[in-house]
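The chain contents come next:
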Amino acid sequence: MEVYLRTARLELRPFTGSAEDVENLYALDDDPAVMKYLTGGRSTPRETVRDEVLPRLLAAYRRSPGFGCWAAAARDGGAFLGWFALSRDESTPAGQAELGYRLRQEAWGQGYATEGSRALIDKGFAELGLGRITAHTMTVNLGSRRVMEKCGLRYVRTFFLDWPDVIEGGEQGDVEYELLQADWTPSSRS
Ligand SMILES: CC(C)(COP(=O)(O)OP(=O)(O)OC[C@H]1O[C@@H](n2cnc3c(N)ncnc32)[C@H](O)[C@@H]1OP(=O)(O)O)[C@@H](O)C(=O)NCCC(=O)NCCS
């Protein structure tokens, strides 16, 4: 199995088009607590994962080699824990990428999101030539904002978009955070 990145406790690998990855992603989104600040709790249908979500992830690897959304598991053959993303799309300015994460509820509260994110940030700045990493979340998603802060990102702005789902706290908008390469301290030294 191809490994993208290892941390002390995690292994990140590319998604494949396998039935197992369809189930991994489906089960992750099938937990209303996981989707609370994304869709208001609504799940992603299995067919949508298979026919839209996974093909989009695979196409992104081809479009921007080295970037994308990575399946996370505990090291040495552990169970699927969720995903981390350091991604670019057609509109992303040169030298930038966006950080993201979504973990199974069983994995929360153990520092995994911070550990995986710091490793991706290190890779982005040290190996992938990035100058700026951004992240965004709902204003009321305090856990996600805390992960950003623990990774050294700073608050940039609050903004308001029209989302298809009505989510509690949505009226407070979304927040953007950033970390510039010039302000970055590699995790191993922090
Ligand atoms: C957000 C998420 C990735 C955090 O994962 P995690 O592995 O539990 O994160 P960590 O353990 O690394 O750190 C979480 C931090 O947030 C804090 N936190 C969690 N929930 C919080 C809340 N409701 N209010 C304030 N702080 C909170 C934790 O105490 C911890 O900070 P600390 O180490 O200073 O105590 C995880 O809850 C998740 O996948 N949620 C669902 C998907 C999602 O919302 N993704 C982000 C969308 S942008």
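Below you will find a few notes about this structure. (Residues numbered from 1 in each chain as written. Predicted model: local features only at pLDDT ≥ 70, side-chain atom pairs only at ≥ 80, totals over all residues. Heavy atoms only, no water.)

Scanning the chain for helices and strands turns up 5 helices and 8 strands. If you list the helices and strands of the chain from N to C, you get β-β-α-α-α-β-β-β-α-β-α-β-β. Taken over the C-alpha trace, the chain has a radius of gyration of 16 Å; the compact-globule value for 190 residues is 16 Å, and the two agree within 12%. Dimensions of the chain, computed from C-alpha atoms along their principal axes, come out at roughly 45 × 45 × 35 Å. Accessible surface computed for the chain: about 10000 Å², of which carbon and sulfur atoms make up 50%. Taking the average location of the 23 positive side-chain charges in the chain and that of its 28 negative ones, the two points are 4 Å from each other. (Helix = DSSP H or I, 4+ residues; strand = E, 2+ residues; numbered from the N terminus. Rg over C-alpha atoms; globule rule 2.2 N^0.38 Å. Areas by Shrake-Rupley, 256 points an atom, 1.4 Å probe, with all protein chains shown as cover. Lys, Arg positive; Asp, Glu negative; His and termini not counted. Charge placed at Lys NZ, Arg CZ, Asp CG, Glu CD.)

So, on to unusual backbone geometry. For D76, which is not glycine, the phi torsion reads 60° and is therefore positive. Note that D76 resides in the loop between β3 (68-74) and β4 (80-87).

The next point concerns the nonpolar core. Membership of the largest hydrophobic core comes to 49 residues, with the highest contact counts inside it found for L12, F15, L25, F84, L120, I121 and L153. The contacts of L25, once residues within four sequence positions are left out, are F15, V49, V53, L54, L57 and W83. (Core = buried A, V, L, I, M, F, W, Y, C linked by side-chain atoms within 4.5 Å. Buried < 20%, exposed > 50% of the residue type's maximum accessible area, 1.4 Å probe, protein only. Contact = heavy atoms within 4.5 Å.)

A separate point is the site of the ligand. The environment of the ligand is formed by 20 residues, the closest being L103, G109, T114, R146 and K150. Taking W108, its side chain carries an N or O atom lying 3.4 Å from an oxygen atom of the ligand. At 2.6 Å from an oxygen atom of the ligand is found a side-chain nitrogen or oxygen belonging to K150. Of all the elements in the fold, those that place two or more residues in the shell around the ligand are β5 (96-103), α4 (112-126), β6 (132-138) and α5 (142-150). If you tally residues by element for the shell around the ligand, the top one is α5, at 6 residues. Tallied by class, residues from the shell around the ligand come to 8 nonpolar, 9 polar and 3 charged. (Near = heavy atom within 4 Å. Polar contact = N/O pair within 3.5 Å; in protein donor to acceptor, adjacent residues only side chain to side chain. Nonpolar A, V, L, I, M, F, W, Y, C, P; charged D, E, K, R; others polar.)

Here we take up the pairing of β6. Taken across its 7 residues, β6 has 5 buried, putting it largely inside the fold. Looking at chain direction, β5 and β6 are connected through 3 bridges and run parallel. The partner of Q96 across the bridge, within β6, is R132. The handedness of the β5 to β6 crossover, carried by α4, is right-handed. (Pairing = 2+ DSSP bridges. Right-handed = clockwise from strand over helix to strand, strands pointing away.)

Once that is clear, we can look at the side chain of D165. Following the sequence through the fold, D165 ends up in the loop between β7 (154-159) and β8 (174-180). Among the polar contacts made by the side chain of D165, one reaches the side chain of R42 at a distance of 2.7 Å. Once residues within four sequence positions are removed from consideration, D165 is found in contact with L38, T39 and R42.

Nothing here speaks to function; it is all geometry.
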